[in-house]
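Fold and geometry: a report
Here are the chains, one letter per residue:
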Amino acid sequence: MNTLYNINKVKGILLLCCLFLVVGCSKDIEGPSLPAPEGVTIAEGVALGAEQLFGIWEGTLEVGETKSDHFEQSYKVEFQSVDDQEAILSHWFVDAQTSIRDSVCNMEYAYSFDGKTIELTPTASAKANGAVAIKAVHTGNNVMNLYTTNGDITTLMCTLTRTGDPEPAITGVNRTLPKAGEKIILTGRNLQFVDHIYLPTTTGEEKVSDFTSTSKQIEFVMPAVADLVAGPIRCLSEGAHVSAYSPYMFCNNCVFFRTFSTNDTKAPYTGSEFENTIDITQSLFDKIAVHASDALPEGHALAEATDVINPDYMLTFFGDTPVAWAVDGNLDPSTGNLRFSFGDRIQYVIDHSDGLITDKSKCANLAVEMDIYVYTDGEPVWDTGFISFRLDKDQGKSLTQSWFAQTAMWDMENPVSFADGWQTFTIPLNTFKVTESTYPTLGSLKTFLVDKKKQTIIKMLNYQLDALHPAHAVSSFQFCIANMRLVPYGIPNNTKENE
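Residues numbered from 1 in each chain as written. Predicted model: local features only at pLDDT ≥ 70, side-chain atom pairs only at ≥ 80, totals over all residues. Heavy atoms only, no water.

1. Details of the overall build of the protein chain
The helix and strand tally for the protein chain stands at five helices and 31 strands. Looking at the protein chain residue by residue over its 499 residues, the buried ones come to 51%. Considering only contacts within the protein chain whose residues lie at least 6 apart along the sequence, 66% involve residues at least 24 apart. On the protein chain, roughly 22,000 Å² of surface is accessible, and the fraction owed to carbon and sulfur atoms is 47%. (Helix = DSSP H or I, 4+ residues; strand = E, 2+ residues; numbered from the N terminus. Buried < 20%, exposed > 50% of the residue type's maximum accessible area, 1.4 Å probe, protein only. Contact = heavy atoms within 4.5 Å. Areas by Shrake-Rupley, 256 points an atom, 1.4 Å probe, with all protein chains shown as cover.)

2. Details of the pairing of strand S23 (residues 366-376)
Most of S23 sits out of view: 10 of its 11 residues are buried. With 10 bridges joining them, S23 and strand S30 (residues 474-488) adopt antiparallel strand pairing. Bridging across to S30, Asp371 finds its partner in Ala482. The pairing of S23 with strand S28 (residues 423-428) spans six bridges and is classified as antiparallel. Residue pairing across strands places Glu369 opposite Thr426, the latter belonging to S28. (Pairing = 2+ DSSP bridges.)

3. Notes on the sheet that holds strand S9 (residues 169-173)
Taken in spatial order, the four strands line up as S9-S10-S14-S13 in an open sheet, and their pairing is antiparallel. The open sheet has two free edges, formed respectively by S9 and strand S13 (212-213), since each of these has just one partner strand. Relative to strand S14 (residues 217-221), strand S10 (residues 183-189) runs antiparallel, the two sharing five bridges. The partner of Lys183 across the bridge, within S14, is Val221.

4. Quick notes on the confidence of the model for the protein chain
Looking at the protein chain, pLDDT values average 89 and 89% of them are 70 or higher. Taken together, the stretch residues 1-34 has pLDDT below 50 and engages in 96 contacts with residues farther than four places along the chain or on a different chain. (pLDDT = per-residue confidence, 0-100.)

5. Things to note about the packing of helix H4 (residues 342-352) against helix H5 (residues 442-451)
Running from N to C, H4 and H5 point in directions that differ by 140°, and their axes come no closer than 8 Å. Classed by the angle they form, the pair H4 and H5 counts as oblique. Between H4 and H5 lies a crossing of left-handed hand. Seen from H4, the contacting residues are Phe342, Gly343, Asp344, Ile346, Gln347 and Ile350; seen from H5, they are Leu442, Leu445, Lys446, Leu449 and Val450. (Axes fitted to C-alpha atoms, helices over the stretch in contact; angles between N-to-C directions. Parallel < 35°, antiparallel > 145°, perpendicular 65-115°, else oblique. Left-handed = near helix turned anticlockwise from the far one by under 90°.)

6. Here's the deal with the sheet that holds strand S12 (residues 204-207)
Strand order in the open sheet formed by five strands is S12-S11-S15-S16-S31, with antiparallel pairing between adjacent strands. Looking at the sheet topology across the chains shown, the edges are occupied by S12 and strand S31 (495-496).

7. Observations concerning the nonpolar core
With 71 residues, the main nonpolar core has Phe340, Trp382, Phe389, Phe479, Met484 and Leu486 as its most contacted residues. Of all the elements, S30 adds the most residues to this core, at nine residues. For Leu486, the residues in contact, after removing those within four places along its chain, are Cys254, Phe256, Ile346, Val349, Ile357, Leu366, Ala367, Val368, Leu429 and Leu442. One finds Phe71, Phe79, Leu89 and Ala131 within the second-largest nonpolar core, a separate group that totals 26 residues. (Core = buried A, V, L, I, M, F, W, Y, C linked by side-chain atoms within 4.5 Å.)

8. Overview of the pattern of salt bridges
Enumeration according to the criterion identifies 19 salt bridges in this entry. Between Arg162 and Asp165 there is a salt bridge, with its nearest N and O atoms 3.0 Å apart. Owing to a relative accessible area of 15%, Arg162 belongs among the buried residues under this scheme. Relative accessible area serves as the criterion here: at 53%, Asp165 is assigned to the exposed category. Glu205 serves as the salt-bridge partner of Arg234, at 2.9 Å between the closest nitrogen and oxygen. Within this pair, whereas Arg234 is found in strand S15 (residues 231-237), its partner Glu205 is found in strand S12, the two being separated by 29 residues in sequence. Taking the relative accessible area as the measure of exposure, Arg234 reaches 15% and is therefore buried. A relative accessible area of 43% means that Glu205 is categorised as partly exposed. Because the salt bridges share partners, they merge into one network encompassing Lys76, Glu78 and Arg189. (Salt bridge = Lys/Arg side-chain N within 4 Å of Asp/Glu carboxyl O.)

9. Quick notes on the packing of aromatic side chains
Per the stated rule, a full pass over the model turns up 25 aromatic pairs. For the ring pair Phe317 and Phe318, a centre distance of 5.7 Å and an interplane angle of 85° mean the geometry is edge-to-face. Each member of the pair, Phe317 together with Phe318, is buried. Counting every residue linked through ring pairs, the aromatic cluster contains Phe256, Phe257, Phe260, Phe274, Phe285, Phe340, Phe342, Phe389 and Phe432. If you follow Arg390 out to its NZ or CZ, it ends over the ring of Phe404, 5.0 Å from the centre. (Phe/Tyr/Trp six-rings, centres within 6.5 Å; stacked < 30°, edge-to-face > 60°. Lys NZ or Arg CZ within 6 Å of the ring centre and 35° of its normal.)

10. Considerations on H4
Turning to H4, its buried residues are Phe342, Gly343, Asp344, Arg345, Ile346, Val349 and Ile350. Buried residues along H4 sit against strand S17 (255-257), strand S22 (337-340), S23, H5, strand S29 (456-461) and S30. Just downstream of H4 lies Asp354, where phi reads positive at about 55°.

11. Here's the deal with unusual backbone geometry
Residue Ala267 is joined to Pro268 through a cis peptide bond whose omega torsion reads 10°. Its place among the elements puts Pro268 in the loop between S17 and strand S18 (285-286). Put simply, Phe317 and Phe318 share a cis peptide bond, and its omega is 5°. Within the fold, Phe318 resides in the loop between strand S20 (313-317) and strand S21 (323-325). Residues other than glycine seldom take positive phi values, yet Asn142 does so here, at roughly 55°. With respect to the secondary-structure elements, Asn142 resides in the loop between strand S6 (134-140) and strand S7 (143-150). Positive phi outside glycine occurs at Phe260, with the angle close to 60°.

See below:
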């Protein structure tokens, strides 16, 4: 396998790259053959103030002497305040022969600091993705060395220089299609520096007048704004002279399942949200109920939740009321699924998104989103099971099938609470590995799905996804979905503002 992280070829100084084996590697880059690593002695530390540590540190390392083995690497570590004791490591690399650039971004670490050295320990999710422990030593003049140890060999990864003061950064948002009155929670780093928040509208921006912030999140209640338009929320830091941005919000025109209505017609469901060109003859819903929020049946998990603002319509697995959910014995349980033509839903979004999404849009820049509400054993929490989203339902049974996205919001250390109501669940299109090179544009993916008459299916599985997502049986479970949509994916970079 010719990947950048081919462990048999990338050695020595590329040790860290090897240990990021499962994260976003390019299949077009083959790492250079380098000599075996030589151990180094860790430098003596020089005193560093905690406020100086807090900030952005960057460095570049070049290895190899000829074009065939030349390899350029860049590292960035963003240290959060000593009180937070968190750091974010990002790593970029460029192959000289192909000029292809790839990256491993936003790997989360906890750290301890003794005034001279920093011990960085990856979080459980980062460790599961291959991140390793790192030691950073300040050698004076705002310069630090990064070291990693493998067995009895300590390797100098890179030398970093402090390049900037802390800047706010948005990493996520709890809901991207909110209703007025719902709480918006922006998560990220250094958010205590945000002074103003602006919502995108057709006539410019609407300022949010009241919000609260900590270093890790900003909260405000969604105001009633009549002329919202698709776009990110802008968070301005006057002190840092930058604006940070949320993921894309308010993409109403990108919703392809809003009412989940078939208009009581038969395939191809002409004029309905399930209209298709591929002659689906099987049932669209299996052990799934369709409900209007103002007509929820008695016993539904949301029927008594009077403080929750519901979307207008929803689907619920596995019916009108919560059910016992045993651990599945295989990857293809026989009941509980939603079947549709994703190729036709793509065309619908292209036709209705006012140019926001086109045939030429890159799959890497798009995601499927849905609003979800989960109820487990009497609590609004998600802590077992996952969504199996299969672009081609007939591709077999596998956790790694390139046409499947097997994904969940929670992990064993971070169950997801829905106490504040519905949240947005995001599945980047590049989670489906088939989009990486075979069908990299939305048009190419759509054409294949329609021409080959491929049916898409979504299932809920209570099966162990991986070590971070074990499965357990529950006595009552209900999974609600609303406003399924195809949206721009990614968070815009910070922009510098006038000082």
